[in-house]
Amino acid sequence: MKTKIKPKRITDFKNDLIFKFMLSDLNDSRCYYLLKVIIEGITGIKCQELFVLNSEVNPEHLSDKDMVLDVRVKTDEGKLIDIEMQNSALTKEVHYRFQIYGARMIDHQVNRGDLLYSENVHEVYTILFVNDIDRDNLLLIDTYMPRNQLNHVRKYNLLTHHNVYLPFIDAVVREKGLKNLSKIELAIYTLYHGITDDIMALNSEVVIMMKEKMDQFNEDEELVLAASKRQLVKIQHHQEKVRIRQEGKEEGELLKAKEKTLKLFNKRFPDENNELLENLALLQYDQIFDALLENEDLKTIKKIIGK
């Protein structure tokens, strides 16, 4: 009888499935507490009520490019605020995508036939957790909103975006010390480093709840297997993007080498048919170009081509 092998335990909070699992079930007081800590700590909003609009954690959605947590907040002042949160790399594509998310969230609120926007439209916040540091903005939490040339925020601003640069938490720890981190800083530290002995020694409510949610997640073999596959899917997507970029770069270099070689060839041998320079490798174009610069004869050029 074969022994069933359990899937390897997931320990990385940056895994999309764990990230969503930890925050989405507001019937679980731990999820509610952690989500409130994160939203209030990053945005400064005081939350009276929280609603997760897409709480389902579905193992079948492995290939989704965007595993976004869609949240609605009712503030202490009674205002409604829409929030989208995602854990992702900070690529040009993601920069564009989150601006589009925000604009779409505002657009969806508007009744096309109703001009009373002030009564129907509420603010939108987007939060992106990034496993990198922006060298141009050395901050843990970087906030974006429209401003004028005097650095004044647009009146009645509707859209605010926050980038949370997870690795920068190490700089905060060096400055403040682990014991002096705020709740949101403890949450970010744990998101980045996972459950470590030093962070558990603090006996923080935030960290304890995050560990409990991690343990709960790992009790579900289907979710654990899905999280592992999700990581593989993301790696494959990344590798495919790298391959496409590399192929595009190589194709561009080949085209550029061909063009400059043809130009010099036509100048040196104006009466010669240049079709012999079609479909060559990058190295051949480089060698022919160098040979042309050295005033080598046509026989030498053909020898490089292999004719």
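The text that follows walks through the structure, step by step, so that each part is easy to find. (Residues numbered from 1 in each chain as written. Predicted model: local features only at pLDDT ≥ 70, side-chain atom pairs only at ≥ 80, totals over all residues. Heavy atoms only, no water.)

1. Structural notes on the nonpolar core
One broad rule of soluble globular proteins: the nonpolar side chains tend to lie buried together.
Part 1 of the reasoning: Ile 83, Met 85 and Phe 129 are the most contacted members of the largest nonpolar core, which has 61 residues in total.
Part 2 of the reasoning: When residues in this core are grouped by element, the largest group, seven residues, is from helix H2 (residues 29-43).
Part 3 of the reasoning: One finds Phe 269, Leu 280, Ala 291 and Leu 292 within the second-largest nonpolar core, a separate group that totals 16 residues. (Core = buried A, V, L, I, M, F, W, Y, C linked by side-chain atoms within 4.5 Å. Buried < 20%, exposed > 50% of the residue type's maximum accessible area, 1.4 Å probe, protein only. Helix = DSSP H or I, 4+ residues; strand = E, 2+ residues; numbered from the N terminus.)

2. Remarks on a negative patch on the surface
Part 1 of the reasoning: The grouping of Asp 286, Asp 290, Glu 294, Glu 296 and Asp 297 at the surface amounts to a negative patch.
Part 2 of the reasoning: Assessed through its relative accessible area of 59%, Glu 294 is described here as exposed. (Patch = residues over 30% accessible without salt bridge, like charges linked within 9 Å, V, L, I, M, F, W, Y side chains within 5 Å. Areas by Shrake-Rupley, 256 points an atom, 1.4 Å probe, with all protein chains shown as cover. Salt bridge = Lys/Arg side-chain N within 4 Å of Asp/Glu carboxyl O. Lys, Arg positive; Asp, Glu negative; His and termini not counted. Charge placed at Lys NZ, Arg CZ, Asp CG, Glu CD.)

3. A few points about the pattern of salt bridges
Side chains carrying opposite charge are able to pair once their charged atoms draw close together.
Part 1 of the reasoning: Enumeration over the complete set of coordinates arrives at twelve salt bridges.
Part 2 of the reasoning: Here Glu 212 makes a salt bridge to Arg 30, at a shortest N to O gap of 3.4 Å. Taken together, the residues Glu 212 in helix H8 (residues 205-218) and Arg 30 in helix H2 connect sequence positions 182 residues apart.
Part 3 of the reasoning: For Glu 212, a relative accessible area of 35% corresponds to the partly exposed category.
Part 4 of the reasoning: A salt bridge links Glu 185 to Lys 176; the shortest N-O distance between them is 2.7 Å.
Part 5 of the reasoning: Salt bridges linked by common partners bring Asp 28, Arg 30, Glu 212 and Lys 213 together as one network.

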